[in-house]
Structures are given as structure tokens and as C-alpha cells.
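Coordinates in review
If you want the building blocks of each chain, they are given just below.
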Amino acid sequence: MLSFASSLSSDNEAFAIFVNDKFHFKDRKNLLSKEVSKKINSYLGTLKDKKSDEEISSLDISSNQKCYIIKIKNKYENYYPEERGGIFYSYLKNIKKIDIYIDSLDLEKEEIINFSSEFILGFNLKSYAFDIYKTLDKKNSKKNIIYKIITSHKEKIEKKYKCNDAIRSGVFLTRDLVSE
């Protein structure tokens, strides 16, 4: 379930930020506290020193909150944001509520809007499950992740999201028909 906001939630289990190849991110509106920024920058320094190739990593901010760090290439193909969204969905094993801080991308406004809409599409496409005929165990059933996109470009991203959501609906319908 997707929603949009301009600030991080206080009750989220996790949040995600985006960093570039050099492990830098932008906190344009200072949504992260100084303490959290310090922890993240310290962790990013460690990743930089190790010359880590991991594209997604995480650290514990507190005992009940985790920060996912999504590394984005400076130059990438058109399918890359969608692919990153799908891969990121796979990392969220026990997370039910997450904020995705899109504005942490070190990109221009239009690039942020395009990247985020494709990222959301990939995230949503990965959530597909055909379990109509399965006897569901409530503990092991496919969970719905409540996620919030944190951005100052809400209207434009939401407009692009609506177009991509129609694509997602069509893809899910096609997958259902093939599975039937």
C-alpha cells in the first residue's frame, strides 16, 4: 500500500535512502536527525573504505528501526530503476512499514521523478503472488508492505505513478491469466 509524504514517519520499522557510487546522499530538507545522519555517514565511510560492491545494505538505527542504503550507479540503463525496485522488495523480509526517502537521490528534479516512478513500478511488480488456489497459512502468506514515498515532488511523482500503476495492473492480470 503506497502513500506519499514530505517527512519521515516516527512509527516506521525502516527507511531507505539512496546513495551514489561515492556513497554520498542528499538530505535536502534535513529530515534526518543529526544523530541518524552521523550513524549513516559513519556506516557509509566504512562501506567506502571496504570499497563495497553491495548495491543494497542496511544498518540498525535503533533496536526497532533499520536503515536501508540503496547504491545507485551514476550512469545506468533505462531498466535500472525498475530492477532496483524489484531487488529492494526482495530485501524486505520482516518489514511491514517502510519509508523510502526518494529525495536523498543526488539527481536533478526531473531525474528524481523519472527514477522514483520506475523504482516504484519495479517494487510493485516484485510483490506479485498467485495464490488463489493455495491453502494459506496466515503466518506464511504473502504480506502487504505499507510503504511511503518521502518527497517534495509528490504531485509529479504521483502522476507518473498512476500511469505505471495501470501498467502494473495489466501485468498482474496477464500473470493471473497465464497462471490460470
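The shown structure was predicted, so the numbers you read here are calculated from the model rather than taken from an experiment.

**Overview of the overall build of the chain**
Within the chain one finds 4 helices and 6 strands. Each helix (α) and strand (β) of the chain, taken in turn from the N terminus, gives the series β-β-α-β-β-α-β-α-β-α. For 180 residues, the compact-globule formula gives about 16 Å, and the C-alpha radius of gyration of the chain, at 17 Å, lands near that figure. Projecting the C-alpha coordinates of the chain onto the three principal axes gives extents of approximately 50 × 35 × 30 Å. Taking all 180 residues of the chain together, 42% fall into the buried category. Residue pairs at least 24 apart in sequence account for 77% of intrachain contacts in the chain once pairs closer than 6 positions are excluded. On the chain, roughly 10800 Å² of surface is accessible, and the fraction owed to carbon and sulfur atoms is 48%.

**Describing the pairing of strand 4 (residues 65-71)**
Most of strand 4 is tucked away: 6 of the 7 residues are buried. Sheet analysis places strand 2 (residues 14-19) next to strand 4, joined by 6 bridges and oriented parallel. The residue of strand 4 that forms the bridge with phenylalanine 18 is isoleucine 70. Linking strand 3 (residues 56-62) back to strand 4 in an antiparallel pair, the connection comprises 2 residues.

**What about the pairing of strand 3?**
One ladder, built from 6 bridges, connects strand 3 with strand 4; its direction is antiparallel. For aspartate 60, the partnering residue across the bridge sits in strand 4 and is lysine 66.

**Some words on the environment of aspartate 21**
Relative to the helices and strands, aspartate 21 resides in the loop between strand 2 and helix 1 (34-50). Since its relative accessible area comes to 34%, aspartate 21 is described here as partly exposed. Once the C-alpha coordinates of aspartate 21 and isoleucine 72 are considered, the two residues, 51 residues apart in sequence, prove to be 6.3 Å apart. Not counting chain neighbours up to four residues away, the residues in contact with aspartate 21 comprise Lys71, Ile72, Lys73 and Asn74. At 3.4 Å, the side chain of aspartate 21 forms a polar contact with the backbone nitrogen of asparagine 74.

**Quick word on the environment of arginine 168**
Along the chain, arginine 168 turns up in helix 4 (residues 154-179). Considered as a pair, arginine 168 and leucine 125 are 43 residues apart in the sequence and their alpha carbons are 6.3 Å apart. Those residues in contact with arginine 168 that sit more than four places away from it in its chain are Leu121, Asn124 and Leu125. Of note is the side chain of arginine 168, whose polar atom sits 3.3 Å from the side chain of serine 169.

**As for the pattern of salt bridges**
Inspection of the entire model under this criterion finds 5 salt bridges. In this structure, the salt-bridge partner of lysine 26 is aspartate 106, at a minimum N-O distance of 3.9 Å. On the criterion of sequence distance, the pair formed by lysine 26 in the loop between strand 2 and helix 1 and aspartate 106 in the loop between strand 5 (97-101) and helix 3 (109-126) is long-range, its members being 80 residues apart. Each of Glu55, Glu83 and Arg84 takes part in one network of salt bridges that share partners.

What counts, and at which threshold
- Residues numbered from 1 in each chain as written.
- Predicted model: local features only at pLDDT ≥ 70, side-chain atom pairs only at ≥ 80, totals over all residues.
- Heavy atoms only, no water.
- Helix = DSSP H or I, 4+ residues; strand = E, 2+ residues; numbered from the N terminus.
- Rg over C-alpha atoms; globule rule 2.2 N^0.38 Å.
- Buried < 20%, exposed > 50% of the residue type's maximum accessible area, 1.4 Å probe, protein only.
- Contact = heavy atoms within 4.5 Å.
- Areas by Shrake-Rupley, 256 points an atom, 1.4 Å probe, with all protein chains shown as cover.
- Pairing = 2+ DSSP bridges.
- Polar contact = N/O pair within 3.5 Å; in protein donor to acceptor, adjacent residues only side chain to side chain.
- Salt bridge = Lys/Arg side-chain N within 4 Å of Asp/Glu carboxyl O.

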